[in-house]
Amino acid sequence: MKKILFYAMTGEKMCFQHIFLNAIDLQAAGYEVKIIFEGASVKLLPQFHKEKNPLYLKARELELIAGVCLACSRVMGVYDENKETGLPLLADMSGHAGIRLYLEDGYQVVSI
């Protein structure tokens, strides 16, 4: 089975919508898919959560979201809001969300 990690750095909402679309599509086709909110994208998580964005909710339902970067959440001023979503706060790489463990587990990384 192919494994894909979307390592999302973009703070552009429309670009992130396409991450959700691709992740959901790939999962439906039998891929193992995960999404990590990293960099500027951590500011989008509270927006998606508050507006009950349908693609975000579908990705959560399918358990596609691995988590959100702890350090970037703090630096970008959205730590409390991101914590409230209940998603894991990832800090395995000097406080940031790393990709090494996913690579070691056979994931192909797509960074957007």
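Caption draft 1: Spotlight on the sheet that holds strand E4 (residues 89-90). Pairing within the open sheet is parallel, and its 5 strands lie in the order E4-E3-E2-E1-E5. Each edge of the sheet is formed by a strand with only one pairing partner; in this case those strands are E4 and strand E5 (107-111). Pairing of strand E3 (residues 65-69) with E4, which is carried by 2 bridges, proceeds in the parallel orientation. Note that in E4 the partner of Cys69 across the bridge is Leu90. Its contacts with the sheet place helix H1 (residues 13-28) against strand E1 (3-8), strand E2 (32-37) and E3, and it is angled at close to 160° to E2.

Caption draft 2: Seen up close, the packing of H1 against helix H3 (residues 54-61). For the pair H1 and H3, the least separation of the axes is 9 Å and the interaxial angle reads 40°. Judged by the angle between their axes, H1 and H3 are oblique. The handedness of the crossing between H1 and H3 comes out as left-handed. Contacts from Gln17, Phe20, Leu21 and Ile24 in H1 reach Leu55, Tyr56, Lys58 and Ala59 in H3. Residues that form the contact of H1 with H3 fall into these classes: 6 nonpolar, 1 polar and 1 charged.

Caption draft 3: Fine view of the pattern of salt bridges. In total, this model carries 5 salt bridges according to the counting rule given. Put simply, Lys3 and Asp105 hold a salt bridge, and the shortest N to O gap is 3.3 Å. Within this pair, whereas Lys3 is found in strand E1, its partner Asp105 is found in the loop between helix H6 (100-104) and E5, the two being separated by 102 residues in sequence. One salt bridge in this structure joins Glu104 and Arg100, with 3.3 Å as the shortest N-O distance. Here Arg100 and Glu104 lie together in helix H6, a separation of 4 residues that amounts to about one turn.

Caption draft 4: Quick peek at the nonpolar core. By size, the foremost hydrophobic cluster in this structure holds 34 residues, and its most contacted members are Phe6, Phe16, Phe20, Ile35, Ile36 and Phe37. Among the elements that take part in this core, H1 stands out by supplying 6 residues, more than any other. Each residue touching Phe6, except ones within four places of it in the same chain, is listed here: Ile19, Asn22, Ala23, Leu26, Val33, Lys34, Ile35, Ile36, Val110 and Ile112.

Caption draft 5: Spatial organisation of the pairing of E1. The buried count for E1 comes to 6 of 6 residues, which makes it a mostly enclosed element. Where burial is concerned, the two faces of E1 agree: the one with Lys3, Leu5 and Tyr7 and the one with Ile4, Phe6 and Ala8 are both buried. Bridging between E1 and E2 involves 6 bridges; their strand directions are parallel. When the sheet's bridge partners are listed, Ala8 is paired in E2 with Phe37. For the crossover that starts at E1, traverses H1 and ends in the parallel E2, the hand is right-handed. Sheet analysis places E1 next to E5, joined by 5 bridges and oriented parallel. Residue pairing in the sheet places Lys3 in a bridge with Tyr107 of E5.

Conventions adopted
Residue positions within a chain follow its written sequence, with the count starting from 1. Predicted model: local features are reported for residues with pLDDT of at least 70 only, side-chain atom pairs are reported and counted for 80 or more only, and whole-chain, interface and lining totals are derived from all residues. The side-chain numbers reported here are obtained from all heavy atoms of the structure, hydrogens and water having been left aside. Note: two strands are recorded as paired if DSSP finds a minimum of 2 bridges between them. To qualify as a helix, a DSSP run of H or I must reach at least 4 residues; to qualify as a strand, a run of E must reach at least 2; elements of each kind are numbered from the N terminus. The contact definition used throughout considers only heavy atoms, calling two residues in contact when any of these lie within 4.5 Å. Axis lines are fitted to C-alpha atoms, over the contacting stretch for helices. Their N-to-C directions set the angle, which ranges from 0 to 180 degrees. Orientation labels follow simple angle bins: below 35 degrees gives roughly parallel, above 145 gives roughly antiparallel, 65 to 115 gives roughly perpendicular, and whatever is left gives oblique. In this scheme the handedness of a crossing depends on how the near helix is turned from the far one: anticlockwise by less than a right angle means left-handed, clockwise means right-handed. Following the grouping adopted for this structure description, the nonpolar residues are Ala, Val, Leu, Ile, Met, Phe, Trp, Tyr, Cys and Pro, the charged ones are Asp, Glu, Lys and Arg, and the polar ones are all others, Gly among them. Here a salt bridge means any side-chain nitrogen of Lys or Arg lying within 4 Å of a carboxyl oxygen belonging to Asp or Glu. Residues grouped as a nonpolar core are buried Ala, Val, Leu, Ile, Met, Phe, Trp, Tyr and Cys residues, joined through side-chain atoms within 4.5 Å. The cut-offs for exposure are 20% and 50% of the maximum accessible area for each residue type, with area from a 1.4 Å probe on protein chains only; residues under the lower value are buried, those over the upper are exposed, and the others partly exposed. Seen with its strands pointing away from the viewer, a crossover is right-handed if its path from the first strand over the helix to the second goes clockwise.

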